[in-house]
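This is what each chain is made of:
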Amino acid sequence: MPSKTPSQAIPDAIATGLSWRPATMEDLDNWAGLIARTAAAEHPVWYEKRGDLLHVLESTKNPAETSTLLGLDSEGVARAYGRIVKNPGGDKATGMACVDPEWQQRGIGSAVLVWQEGQVRRRFHADQAAGHMTAPPRLRIQTEEQHEHQAALLMGHGYGAVRWFNEMHRPLSRELPQAPLNVGLELKTLEPSLFEPVRRAHNDAFRDHWGSEPRDEESWRFTIEEPTARHDLSAVVIDTATGEVAGYQLTSFDPDSAAERGFTEGYTELLGVRRAYRGRGIAQALLADAMQRYASAGMEVASLDVDSANPTGALELYLGMGYTPVNRSMTWEKML
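Residues numbered from 1 in each chain as written. Predicted model: local features only at pLDDT ≥ 70, side-chain atom pairs only at ≥ 80, totals over all residues. Heavy atoms only, no water.

A. The arrangement of the pairing of strand E4 (residues 93-99) in detail. With 6 bridges joining them, strand E3 (residues 78-85) and E4 adopt antiparallel strand pairing. Bridge assignment links Gly-82 to a residue of E4, and that residue is Ala-97. For E4 and strand E5 (residues 138-144), the ladder comprises 3 bridges, and the chain directions are parallel. Note that in E5 the partner of Gly-95 across the bridge is Ile-141. The parallel pair E4 and E5, bridged by helix H5 (residues 108-129), forms a crossover whose chirality is right-handed. (Pairing = 2+ DSSP bridges. Helix = DSSP H or I, 4+ residues; strand = E, 2+ residues; numbered from the N terminus. Right-handed = clockwise from strand over helix to strand, strands pointing away.)

Put into structure tokens, the structure is as follows:
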């Protein structure tokens, strides 16, 4: 364990041409505008919106004062940002960042990354000192395969790609699959009374998933209240004998993405089946039900992301349901 807390490396204002400070509630529109401008130029599959940033600022586990950084020009316009996320007992931190397209190629991305690494070291030091964990500092950052400039930046700072993910689409114009549930299992639309049981089911279902950590009440609230969440298109499978949640499917729909990508899609944010219920066709039933819901809502595509090395055989499941890979992303990692 380090003998003292690592120092905070705020980017140099003269070198970057920006003033730097943590984000606040007053920055929401400015911050969201920066991300939207960057997205308009780089066309990511997904990017953070104002509602997502509100959750960032509301986090009690990752206070904005030490977990966020905004770079402002002389007019007060946000031109760059970085943030980190870490659970107190977690063995990793994750980072997100962007630089305004007009301000790229000036070393600002590197300066933000150095700040992120410094903050991760501080967080690990604090969590170790509090007895929460003993793991060495580790930072993970996800990028899309199309963004080669981001990959070059990360490789230049010693990061290596450790995991790949596939975005998969299933056109809803084709005949939709039928996958009825077995006797004793019942499918219900997600409703508030099921939020907490689904959280517990999620933590059980994802115990064997790479990179996953249990979600507490705050993290789950942010999941459920995600700005594009569509509870009416989400479903839960209940064991009628016990009342337990056996599996679940959480959907989002982003109208902005539909305008940008040229098609409407129902996106399966999370799909999970508890260990005790696997092998009973529950995932297939949830996906088939989701497709029916999406089609009835006038959507054109069902989509999701899957870890290419998922231990539960999810990739084969999705291929069997008619999904095909359309984009790839990767997770980069560096031990600090």
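On we go from here.
B. Inspection of the side chain of Asp-127 at higher detail. Relative to the helices and strands, Asp-127 resides in helix H5. Engagement of the side chain of Asp-127 in a polar contact is seen with the side chain of Lys-86, the distance being 2.7 Å. (Polar contact = N/O pair within 3.5 Å; in protein donor to acceptor, adjacent residues only side chain to side chain.)

C. Seen up close, the pattern of salt bridges. Counted under the stated rule, the structure contains 28 salt bridges. A salt bridge links Lys-92 to Glu-213, with the nearest nitrogen and oxygen atoms 2.9 Å apart. A residue pair is termed long-range when its members are at least 10 positions apart, and Lys-92 in the loop between E3 and E4 and Glu-213 in the loop between helix H7 (195-205) and helix H8 (217-224) qualify at 121 residues. According to the relative accessible area criterion, Lys-92 is buried, its value standing at 10%. Arg-328 is the partner of Glu-145 in a salt bridge, and the nearest nitrogen-oxygen pair spans 2.8 Å. With Glu-145 in the loop between E5 and helix H6 (148-156) and Arg-328 in strand E12 (residues 324-335), the pair connects residues that are 183 residues apart, well separated along the chain. What makes Arg-328 partly exposed here is its relative accessible area of 36%. Here the salt bridges do not stand alone but share partners, grouping Arg-37, Asp-73, Arg-79 and Asp-100 into one network. (Salt bridge = Lys/Arg side-chain N within 4 Å of Asp/Glu carboxyl O. Buried < 20%, exposed > 50% of the residue type's maximum accessible area, 1.4 Å probe, protein only.)

Purely spatial values, then, with no claim about function.
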